[in-house]
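Examining the three-dimensional arrangement
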Amino acid sequence: MVDKVVKPFSVADRYAVVGNPIAHSKSPLIHEAFAKQTGQEISYERILAPVDGFEATVRELIMQGYKGINVTVPFKLEAFQLANTLSARAQDAGAVNTLIFNDAGITGDNTDGAGIVRDIEQNLNIAIAGKRILLIGAGGAAEGVIAPILAHQPQALVVANRTIEKAQRMVSKHLINHRQISASTFEGLQNQTFDIVINATSTGLSDTALPIPSSIFAKGCLAYDMMYGRETPFMQQARASGAQVADGLGMLVEQAAEAFYIWRGVRPETRSVMQQIRDLS
Ligand code: NDP
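Predicted model, so just to flag it, every value in this text is computed and none were measured. (Residues numbered from 1 in each chain as written. Predicted model: local features only at pLDDT ≥ 70, side-chain atom pairs only at ≥ 80, totals over all residues. Heavy atoms only, no water.)

1. Concerning the sheet that holds strand E1 (residues 13–19)
- Judged by pairing direction, the sheet is mixed, and its six strands sit side by side in the order E2-E1-E3-E5-E6-E4 without closing on themselves. With partners counted over all chains shown, the strands left at the sheet margins are strand E2 (42–48) and strand E4 (85–86), one partner each. (Pairing = 2+ DSSP bridges. Helix = DSSP H or I, 4+ residues; strand = E, 2+ residues; numbered from the N terminus.)

See the structure below:
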């Protein structure tokens, strides 16, 4: 009689980014680079969920044994609602971009804010503490970065938005603990200057210029556009005003590194991965 030997085999832990649309996402390239660099055996895919089918997609992925997902437009709010447990930064942001699936159920986190702060402070080597910061936009991306920026103690954080009520609502959530935050209309920015100006609007997607005065860029100002992969009208205006300009690729890679760390317990090196992604663009 021949003994049947069952060979142990290893199956890579599965992760994915879920959104709609999703074909453009660079997340698989980034996570594959992290995995290679750190020797982690994982697979990472792009998954297109129907706009009305995010929860069903997540439940299916859990059934199939996925360990976690990144969540992108338009599902960050739904991911927030779906999670059984939320990190403090997900609660602050009111949105989730990283889900962890384990015995505890579905845990939601938000790494966008940590991503931009790390890119500004570590990669661009610019301290946030003591700076006058202008955040333009009051959508999901802006909301996610407010608390992490405030935690680094800027002198002032002004949130300007086309729809001023949205900026005021966001600001009011933080005013109790942070007197340095305020909301402004675009017109209200006249005669003000800032050391760091962050464009968190989606105007870059449509090549629309923002109605902001060029005088807002202080000498040596960092102008940061969360958009990446193209020179936006905001970047052009900032550059013409003498500002140092950065796009959101660093934020994208840093938020991914934070998610990778949450899932795998290993922090990947990001600079080489940023360069790799830029070279491919
Ligand atoms: P939302 O749709 O939630 O918010 C859009 C924002 O843009 C709102 O504040 C809106 O103002 C403003 N806006 C849109 N059109 C105009 C206009 N013509 N003039 C003035 N303001 C306008 O988008 P998100 O917050 O999710 O994303 C914003 C940007 O950030 C996107 O470009 C996205 O790609 C980028 N992003 C980058 C990340 C990265 O890792 N680099 C991560 C997440 C986002 P109003 O309230 O008045 O409508």
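That was the structure; now back to the text.
2. Section: helix H9 (residues 249–264)
- Over its 16 residues, H9 extends 22 Å from the first C-alpha to the last, a length consistent with the 22 Å expected when each residue adds 1.5 Å.
- In terms of burial, H9 is a largely internal element, 13 of the 16 residues being buried.
- Looking one or two residues beyond H9, the residue adopting positive phi is Gly265, at roughly 75°. (Expected span 1.5 Å × (residues − 1). Buried < 20%, exposed > 50% of the residue type's maximum accessible area, 1.4 Å probe, protein only.)

3. Considering the pairing of strand E11 (residues 217–225)
- In terms of residue burial, E11 counts as a mostly covered element, since seven of its nine residues are buried.
- Bridge count for strand E10 (residues 194–199) against E11 is five bridges, and the pairing is parallel. In the sheet register, Ile198 faces E11, and the bridge partner there is Tyr224.
- The pairing of E11 with strand E12 (residues 244–246) spans three bridges and is parallel. Within E12, the residue paired with Leu222 across the bridge is Gln244.
- Running through helix H8 (residues 233–240), the crossover from E11 to the neighbouring parallel element E12 is right-handed. (Right-handed = clockwise from strand over helix to strand, strands pointing away.)

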